[in-house]
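Breakdown of the fold
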Amino acid sequence: MNNTLEFVHNSIEGGKKVALITITGITGSSPATPGQMIAVLSDGSSVGTVGGGATEHQVIQRAIEAINAGEAVFSMSLDHAENGMICGGSMEVFGNIIGNQLGLCIFGGGHIAQSLAKIAYLTGFHVTVVEDRKEFADNFENVNYITCTPDEYEVTAPAAFADYAVICTRGHSTDDKALRYCLTKNFKYVGMIGSKKKVTEIFKQLRNEGIKQLELDKIYTPIGLDIANAAPAEIAIAILAEILLIKNTGTLNHKSLR
């Protein structure tokens, strides 16, 4: 149990979502006992056990499904005989998705990213910054800083535990590569900084390569609400405001009674 709880703690510290499943009851003959635990990540890796065999495999698959679907809790009743186990009996399990903190992945480590990371962290996001310049790491606190080039995104999996993505790298070509990576993932929000001319050029090239307009229409670009001047901190606030608008299904109405 100690190893399982340590695995949960380390996963949360790393910004990952983990399903902690506990056996809450058994009937008849069972290879497990109440109180046994297993912790499961979205990639299927796990620590602990709820009895092994086909029943445990079913629990792990349900845990992966719950994490990917954004569920907070789940419960299961499992019949060992139905899963081909000769012991018979059945068990009840309860799963709790822990560390289900919303993740923001920022591609780029410049001034806008630095301001955005600060306010996003204060808002409750687990922030990941992806940048190919390792020396920029000193400009960030309370973030998961990943140093890699755009060509290494798939290998390092920077978006493994992110729900929202912001692209604000140092140039046109790196923004383009980050966008291509994001288009292969299932983000709730993808925003890219840039002028209308730059956006038009990138989208034209992507359409020529077969990317559907429906996919491009999901990209928020130019990014952010129209509330900021050119200061990086104001741009960061405008970006986070747009993300919160999407996250909370908000409106652009004033709350003032005047």
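Described below are features of the structure shown in this document. (Residues numbered from 1 in each chain as written. Predicted model: local features only at pLDDT ≥ 70, side-chain atom pairs only at ≥ 80, totals over all residues. Heavy atoms only, no water.)

Take the packing of aromatic side chains next. For any pair of aromatic rings, the description consists of the separation of the ring centres together with the inter-plane angle of the planes. As enumerated under the stated definition, the model contains 6 aromatic pairs in all. On the numbers, 5.8 Å between centres and 90° between planes, the contact of Phe125 with Tyr164 is edge-to-face. Here Phe125 is found in the loop between α3 (111–123) and β7 (126–131), whereas its partner Tyr164 is found in strand β9 (residues 164–167), with 39 residues between them in sequence. Note on accessibility: Phe125 and Tyr164 belong to one class, buried. Here Tyr189 and Tyr220 contribute two aromatic rings whose centre-to-centre distance is 4.9 Å and whose plane-to-plane angle is 25°, an arrangement assigned as stacked. With Tyr189 in strand β10 (residues 189–192) and Tyr220 in strand β11 (residues 219–220), this pair connects stretches of sequence that are 31 residues apart. Tyr189 sits in the buried class, given a relative accessible area of 1%. An aromatic cluster is defined as three or more aromatic residues linked by ring pairs; in this entry it consists of Phe107, Tyr153 and Tyr181. (Phe/Tyr/Trp six-rings, centres within 6.5 Å; stacked < 30°, edge-to-face > 60°. Helix = DSSP H or I, 4+ residues; strand = E, 2+ residues; numbered from the N terminus. Buried < 20%, exposed > 50% of the residue type's maximum accessible area, 1.4 Å probe, protein only.)

A complete count under the given rule lists 12 salt bridges for this structure. Between Arg62 and Glu65 there is a salt bridge, and its shortest N-O distance comes to 3.5 Å. Of the two residues, Arg62 and Glu65 both sit in helix α2 (residues 53–69), 3 residues apart, roughly one turn of that helix. A salt bridge links Lys177 to Asp151; the shortest N-O distance between them is 3.5 Å. Of this pair, Lys177 sits in helix α5 (residues 172–182) while Asp151 sits in the loop between β8 (143–147) and α4 (153–156); the two residues are 26 residues apart in sequence, bridging distant segments of the chain. According to the relative accessible area criterion, Asp151 is exposed, its value standing at 61%. Here the residues in one salt-bridge network are Lys17, Asp163 and Lys188, joined through shared partners. (Salt bridge = Lys/Arg side-chain N within 4 Å of Asp/Glu carboxyl O.)

Turning to the environment of Ile60, a few remarks are in order. As for its placement among the helices and strands, Ile60 is situated in helix α2. Using a relative accessible area of 13% as the deciding quantity, one classes Ile60 as buried. For the pair Ile60 and Val40, spaced 20 residues apart in sequence, the C-alpha to C-alpha distance is 6.5 Å. Once residues lying within four places of it in the same chain are set aside, the contact partners of Ile60 are Ile38, Val40, Gly44 and Ser46. (Contact = heavy atoms within 4.5 Å.)

Further remarks concern empty space enclosed by the protein. Enumeration according to the criterion identifies 1 cavity of 30 Å³ or more in this entry. Around the largest cavity, the lining residues are Phe107, Gly108, Val130, Glu131, Asp132, Cys148, Pro150, Tyr153, Thr169, Arg170 and Thr174. In terms of residue class, the lining of the largest cavity is made up of 5 nonpolar, 3 polar and 3 charged. (1 Å grid on protein atoms, 1.4 Å probe; cavity = no way out; pocket = protein on both sides within 12 Å on 5 of 7 lines; lining within 4 Å. Points joined across faces, edges and corners; volume = space filled by probe spheres on them. Nonpolar A, V, L, I, M, F, W, Y, C, P; charged D, E, K, R; others polar.)

Turning next to the pairing of strand β4 (residues 73–79). Within a regular beta strand, the side chains point alternately toward one face of the sheet and then the other, so they alternate between its two faces. Only one face of β4 is covered, namely the one carrying Phe74, Met76 and Leu78; the face carrying Val73, Ser75, Ser77 and Asp79 has none of its residues buried. As judged from the 7 bridges shared by β4 and strand β5 (residues 90–98), these two strands associate in the antiparallel manner. Along β5, the bridge assignment pairs Val73 with Asn96. (Pairing = 2+ DSSP bridges.)

Glancing now at the packing of α3 against helix α8 (residues 232–247). At a minimum axis distance of 8 Å, the contact between α3 and α8 shows a crossing angle of 45°. If you check the angle between α3 and α8, you find them oblique. Relative to α8, the crossing made by α3 is right-handed. Within the contact between the two elements, α3 uses His111, Ile112, Ser115, Leu116, Ile119, Ala120 and Thr123 and α8 uses Pro232, Ala233, Ile235, Ala236, Ile237, Ile239, Leu240 and Leu244. For the contact of α3 with α8, the per-class residue count stands at 12 nonpolar, 3 polar and no charged. (Axes fitted to C-alpha atoms, helices over the stretch in contact; angles between N-to-C directions. Parallel < 35°, antiparallel > 145°, perpendicular 65-115°, else oblique. Left-handed = near helix turned anticlockwise from the far one by under 90°.)

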